[in-house]
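One letter stands for each residue in the lines below.
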Amino acid sequence: MNDRQWELQELGPSKLDHEQHAGRRRNSLWRVATITGAVAGCLVAIILLLRFLAVPVLVYLAPRLDLTFYDWGLYGAYPTQWYQSIELAAPCARIVQWNDTCSDGLVMLSLSGPGIDYAGPMILDPQGELVWTTQDFGAAGNLKVQQYDGDDYLTFWAGEKLQESGQGKYYMLDSSYNVIHTVSAVGDGLYGDLHEFKVTDDATALITVYNKTHLDPVDSEMPWPEDGFIIDGIVQEIDIPTGQLLFQWRASDHLISPLFRSSEGGYVDLGALDYFHVNSVDKDGHGNFLISIRHLHLVIYVSGEDGSIIWALGGDADFFEDTSDGAASDFKWQHDARWIDRDQGLISLFDNGIARHHYADADHSEGRIIALDFENHTASLAQAFRSPNGIRSASQGSVQILPAGEDGDEHVFVGWGSSGAYSEFTSDGELLCETHFAASSLFYFERAKSYRATKAPSSWQAEPNWDPVALINGDQVYASWNGATDVAWWMLQGQVAEPDDDGDDDDDDAGLADVDAFEDLELVAKESFETSVAISGNNEGYASYRMAALDVDMNVLRYSEVLSPSPSAHTFFIWPALCVGLIACLVAIWAFRNWTRLQEKLAFGRPSFAYMRIG
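Note that the structure is a prediction, hence the values are computed from the model and not measured.

Despite not being glycine, Gln-396 shows a phi value in the positive range, around 65°. Here Gln-396 is to be found in the loop between strand S26 (378-385) and strand S27 (398-404). Judged by relative accessible area, which is 11%, Gln-396 ranks as buried.

Put into structure tokens, the structure is as follows:
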């Protein structure tokens, strides 16, 4: 270099350097944000493609995959279906196993859980289609059909649902969904709990009450809270017509009993230890009570005269010798203990086997029928009802013995509580039908559940006190009648011209205000909760429409309101979202392949180093 010496020397910073550096930082952040957004869009597009393109195509090619995808949670933890005619949703249930002998009786649920859109009572038909639901009562529990004074009533608890209990009252609705009776807990500061509402043959109601109470332990070795507050378990029998308290039993009055010395209860949101957790009550013809106490793993038989404990099964009880190698008395965290036949000593219950934080206790839950021999003090397992799908329920659950059906067998209906499913079995434990209303692979998370699941008598029918609802959207008429059980057909009717509103009597011959002014246009069988009919072809050109609900014999039950055609509503389709996602995906791929070139184009400014002559 012409005998001159050069060295590479870093140039000092300048104002231009700072400005260029800040520009490069902004460009860099912009590039990162662009790439991040593109990658996120790419992922969204892939997910949407899988969910709305790949899954439907695979199900179309292999329909059996639908149930697999459902239980894997590809449709969501709690898939729902919404309707045009009402602003309420229902579970998009799947039938896992079916037998035609399960066709009698509607299914009663009381949905709750973080995955559902609203908590409330719900009735489904045997195929899992919605029949009735409402938000009018808020959170609900223990929906069933019970007899009172010779009539069938739809009964349930409704109120504020707490962590492990509830505070509310009980409702009795007639076949038109009118509230005829309400029952409330008796006593200052006492509220009806969601766990039990049983109408007896004596025109009384059995209820449970959870009450925060301060007590001292009777034994220093008892698992007692330091502040002394526990949740007491109270049973009340109330006269329905008058609301008078006839009988009351408190679990805390019997703490001295050795049966009550060891509880596995935990602290709840009421700020106390849920020591007992009374969750079912039944009364027999002797005037005594069968009570289930979950956190003690006990079923006790209590005198209706003085409240004393006559006998106990499970937990620390030793009144009965278990002749089934423990299978009759080793139940844990149980629910829904009921008399099947007091004279024969038969009871049913739901054995959860597990609880939250106690999942290692059992590999399945099951319904049980237990035979008690009071003379010889023995207990034996008469029958167990297990799902072949190995359902485990950490909480809730029910067992119902159904009347003999056409096959002459008394089926057993099992609600799986915190696991969103219900099943129907033969009396010897063979599974006939099973329905999932939530993804089984996600049962652990309890996104959707029903405290109990029961079946209504096949004779129960309901006709609401409100009319059917119909709605026109585009060229379709949608109709439903929330709560109606006897609709078999829908008839679309059209009105030729609008009625004369100007008071001119010259056109009275048209009779457009009469029922006869409507013409029958199209008859459609009711196959689901909501039915749609197209306004096309011969159905076009009418000024007004309405839908008529018909029974199986084609008798008109009720009409919807009169509807006028309206412009099509704007509907969001998934394909535009897919296109946007695909474009973002292509942008991300292009940016990744041309990253180096982008860096060169977007970087600017003079170099930070230069040669400097030193000699």
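A word on the sheet that holds strand S21 (residues 309-314). With antiparallel pairing, the 4 strands of this open sheet are ordered in space as S18-S19-S20-S21. If you trace the sheet from one side to the other, it starts and ends with strand S18 (278-283) and S21, each paired once. Taken pair by pair, the neighbouring strands of this sheet meet at an average axis angle of 20°, ignoring direction. With 5 bridges joining them, S18 and strand S19 (residues 289-293) adopt antiparallel strand pairing. If you follow Asp-282 over to S19, its bridge partner there is Leu-290.

Right, let's get into the state of the cysteines. Overall, the coordinates contain 1 disulfide when judged by the stated rule. Residue Cys-102 pairs covalently with Cys-433 via a disulfide, S to S 2.0 Å. Across the S-S bond linking Cys-102 and Cys-433, the dihedral sits near 100°, which makes this disulfide right-handed. Note that Cys-102 is positioned in the loop between strand S4 (94-97) and strand S5 (107-112) and Cys-433 in strand S30 (residues 431-436), a separation of 331 residues in sequence. Side by side, Cys-102 and Cys-433 carry an identical accessibility label, which is buried.

Among the structural elements, Glu-196 can be located in the loop between strand S11 (179-183) and strand S12 (197-199). Within polar-contact distance, the side chain of Glu-196 engages the backbone nitrogen of Val-281 at 2.9 Å.

Let us now look at the sheet that holds strand S38 (residues 544-550). Hydrogen bonds along the backbone pair up the strands of a sheet, which may run parallel or antiparallel. If you walk across this open sheet you meet the 4 strands as S36-S35-S38-S39, and the pairing is antiparallel. Edge strands, defined here as strands with exactly one partner in the open sheet, are strand S36 (518-525) and strand S39 (556-559). Between one strand and the next, the sheet's axes are offset by a mean angle of 30°, whatever the strand orientation. Direction of pairing for strand S35 (residues 489-495) relative to S38: antiparallel, over a ladder of 7 bridges. From the neighbouring strand, Trp-490 faces S38, where its bridge partner is Ala-549.

What counts and how
- Residues numbered from 1 in each chain as written.
- Predicted model: local features only at pLDDT ≥ 70, side-chain atom pairs only at ≥ 80, totals over all residues.
- Heavy atoms only, no water.
- Helix = DSSP H or I, 4+ residues; strand = E, 2+ residues; numbered from the N terminus.
- Buried < 20%, exposed > 50% of the residue type's maximum accessible area, 1.4 Å probe, protein only.
- Pairing = 2+ DSSP bridges.
- Axes fitted to C-alpha atoms, helices over the stretch in contact; angles between N-to-C directions.
- Disulfide = S-S within 2.5 Å.
- Polar contact = N/O pair within 3.5 Å; in protein donor to acceptor, adjacent residues only side chain to side chain.

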